[in-house]
Amino acid sequence: MQDSNARKSTGMRASHELFKNVACPFCGMLCDDLEIERTDGALKVLKNGCGRSVAGFERKLPPSSPKIRGKEVTLAEAVKEAASLIGRASNPLFGGLGTDVEGMRAAMALAERAGGVVDHALSEGQYRNIRVLQSTGWTTSTLTETRNRADLIIVVGSDMRELHPRFFERIVSPPDSMFGVTAPKRTVVLIGEVPDRKVAAGAKVGEVVALPCMVEQVGEVLGALRARLRGFRLAAKTAGGIPIAKIDALMEHCRKAQYGVVVWAPPTLDVPHAELTVDQIAGLVKDLNVTQRFAGLSLGGNEGAMSAGAVSTWQSGFPLRISYASGSPRFDPYRNAIFRMVIEGEGDLLMWIASISPDLAPPSTDMPTIVLGTPGLRLPQEPTVFIPVGTPGVDEKGRLVRCDSVVSLPLKNLHRAELPHVADVLKSIEAAL
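What you see is a predicted model; the values in this text were computed from it and never measured. (Residues numbered from 1 in each chain as written. Predicted model: local features only at pLDDT ≥ 70, side-chain atom pairs only at ≥ 80, totals over all residues. Heavy atoms only, no water.)

Engineer: Help me get a handle on the pattern of salt bridges, residues and values and all.
Structural biologist: Note on pairing: side chains with opposite charge can pair once their charged atoms come close. What the rule picks out here adds up to 24 salt bridges. A salt bridge links glutamate 102 to arginine 105; the nearest nitrogen and oxygen atoms lie 3.6 Å apart. Within this pair, glutamate 102 and its partner arginine 105 are both found in helix 4 (residues 101–114), separated by 3 residues, close to a single helical turn. A relative accessible area of 39% means that glutamate 102 is categorised as partly exposed. With a relative accessible area of 31%, arginine 105 lands in the partly exposed category. Measuring nitrogen to oxygen at the nearest pair gives 2.8 Å for the salt bridge that ties aspartate 395 to arginine 416. Of the two residues, aspartate 395 sits in the loop between strand 19 (385–388) and strand 20 (398–401) while arginine 416 sits in the loop between strand 21 (408–411) and helix 13 (422–432), which places them 21 residues apart along the sequence. (Salt bridge = Lys/Arg side-chain N within 4 Å of Asp/Glu carboxyl O. Helix = DSSP H or I, 4+ residues; strand = E, 2+ residues; numbered from the N terminus. Buried < 20%, exposed > 50% of the residue type's maximum accessible area, 1.4 Å probe, protein only.)

Below, the structure written as structure tokens:
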């Protein structure tokens, strides 16, 4: 290993570096306690990793270079061709949006310049929340408040460990907490498609109650719980396949709670009219707040979705699914849904951004496509223009908004690969228009 002063003067990096307190960009929780080692450009998660973080940080990037119609070109040539395609388009679609805050800012600026439509690939899950928030409002908590104060945590939906593998470890049963107010043993209730109540095991967990039902039935169970809390008698013996006696037992848990939290992840509620389930969650929280402290907690936000929604609101005053076709932002959650627009042929160019994971693939389409993606992105077909970009928090610095929307966390550059930042590429394309 070379002397640090020599490395600074030559611009070389050490062959081995250890990074502590690393924030992970591969999940909306943005766990920021990871320890990662870099040796000759290869990364290894040493502490506090999960399956998603290990797969993300330790993924070996295949060789990649800018391409136009499958032919390797320089970055400048790819930028010029992308600008030419956007300049000729009358209704360009800006989708995917798997990037950080600065990348999303640049995407919004380019979409405004081009008169395009802006929508994140995972926005459908967000709209299960937004429809309820817009119509009735809600009371929500944060990851930190839930971790520190909750004595009853009700988790609804399907097993969310696939989306947030460390949720139970870091929030439900953390090794420590602030203020010293955490209940000695908290009760955890699992409603929905729960594979095993052992998922909630931990030193801080007391009783674990499992109420298994299909995701489609979660709203029915919560509706029955609300009815019983209000004193209504139910003629049915079950709700969502769960005996009313068990729902009554849950009602007593709710009444005894000092600080209860209902947790859900919108992507796990992937059923028709899932916003009705979210409405029941919001309603349950409001009912319980009449006599005690209760809140909701929405997770999700993977692939930069929470950052995209936040930046869209900052920049335009609207959530995602906006169009700049008229010269000013116009919001329409149906007309400006990009997956629908691609299927129905309503756009004439697709720009797709996927810099975080290789799984955020663009939809198959006959229209010209510009892809800014991480090397190894799973593409359904060869795009018109492909530009490999770095992953924020791995190949470059960045910032992401956490799933509870209360903080944005800085991401470190671990120097896995020398790849351009999405924001820099987009700014170059805009300058070339």
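From this point, the narrative continues.
Engineer: If you had to explain helix 5 (residues 123–135) to someone new, which residues and values would you point to?
Structural biologist: Helical geometry: 3.6 residues make up each α-helical turn, so side chains three or four residues apart lie on a common side. An ideal rise of 1.5 Å per residue puts 18 Å on 13 residues; helix 5 measures up with 18 Å between its terminal C-alpha atoms. Those residues of helix 5 not exposed but buried are Ser123, Gly125, Gln126, Tyr127, Arg128, Asn129, Ile130 and Val132. Where helix 5 is buried, its residues meet strand 13 (259–264), helix 10 (275–288), strand 14 (293–298), helix 11 (305–316) and strand 16 (330–331). Downstream of helix 5 by a residue or two, glycine 137 has a phi angle that is positive, lying close to 80°. (Expected span 1.5 Å × (residues − 1). Contact = heavy atoms within 4.5 Å.)

Engineer: Just give me the short version of the nonpolar core, but keep the residues and values in it.
Structural biologist: Core analysis: the largest hydrophobic core is formed by 41 residues, its most contacted members being Val118, Met351, Ile370, Leu372, Leu426 and Ile429. In terms of residue count, helix 4 provides more of this core than any other element does, 8 residues in total. Each residue touching valine 118, except ones within four places of it in the same chain, is listed here: Phe94, Leu97, Met104, Met108, Ala111, Leu320, Arg321, Ile322, Tyr324 and Ile338. Within the second largest apolar cluster, 39 residues are counted, among which are Val188, Ala200, Val263 and Leu414. (Core = buried A, V, L, I, M, F, W, Y, C linked by side-chain atoms within 4.5 Å.)

Engineer: Describe the sheet that holds strand 4 (residues 67–68), with residues and values.
Structural biologist: Spatially, 9 strands are ordered 5-4-19-18-17-6-7-15-16 in an open sheet, and the strand pairing comes out mixed. With partners counted over all chains shown, the strands left at the sheet margins are strand 5 (71–72) and strand 16, one partner each. Looking at chain direction, strand 4 and strand 5 are connected through 2 bridges and run antiparallel. Bridging across to strand 5, lysine 67 finds its partner in glutamate 72. (Pairing = 2+ DSSP bridges.)

Engineer: So what about the packing of aromatic side chains? Which residues, and what values?
Structural biologist: Under the defined criterion, the tally for this structure stands at 6 aromatic pairs. Where phenylalanine 167 meets phenylalanine 168, the ring centres are 5.4 Å apart and the plane angle is 75°; that geometry is what we call edge-to-face. In this structure, phenylalanine 167 and phenylalanine 168 share a single accessibility class: buried. With centroids separated by 6.0 Å and ring planes inclined at 10°, the aromatic side chains of phenylalanine 318 and phenylalanine 331 adopt a geometry described as stacked. Here phenylalanine 318 is found in the loop between helix 11 and strand 15 (322–323), whereas its partner phenylalanine 331 is found in strand 16, with 13 residues between them in sequence. For phenylalanine 318, a relative accessible area of 31% translates into the label partly exposed. According to the relative accessible area criterion, phenylalanine 331 is partly exposed, its value standing at 25%. Members of the aromatic cluster, each reached through a chain of ring pairs, are Tyr127, Phe318 and Phe331. Seen from the ring of tyrosine 334, arginine 340 lies directly overhead, with NZ or CZ sitting 4.6 Å from the centre. (Phe/Tyr/Trp six-rings, centres within 6.5 Å; stacked < 30°, edge-to-face > 60°. Lys NZ or Arg CZ within 6 Å of the ring centre and 35° of its normal.)

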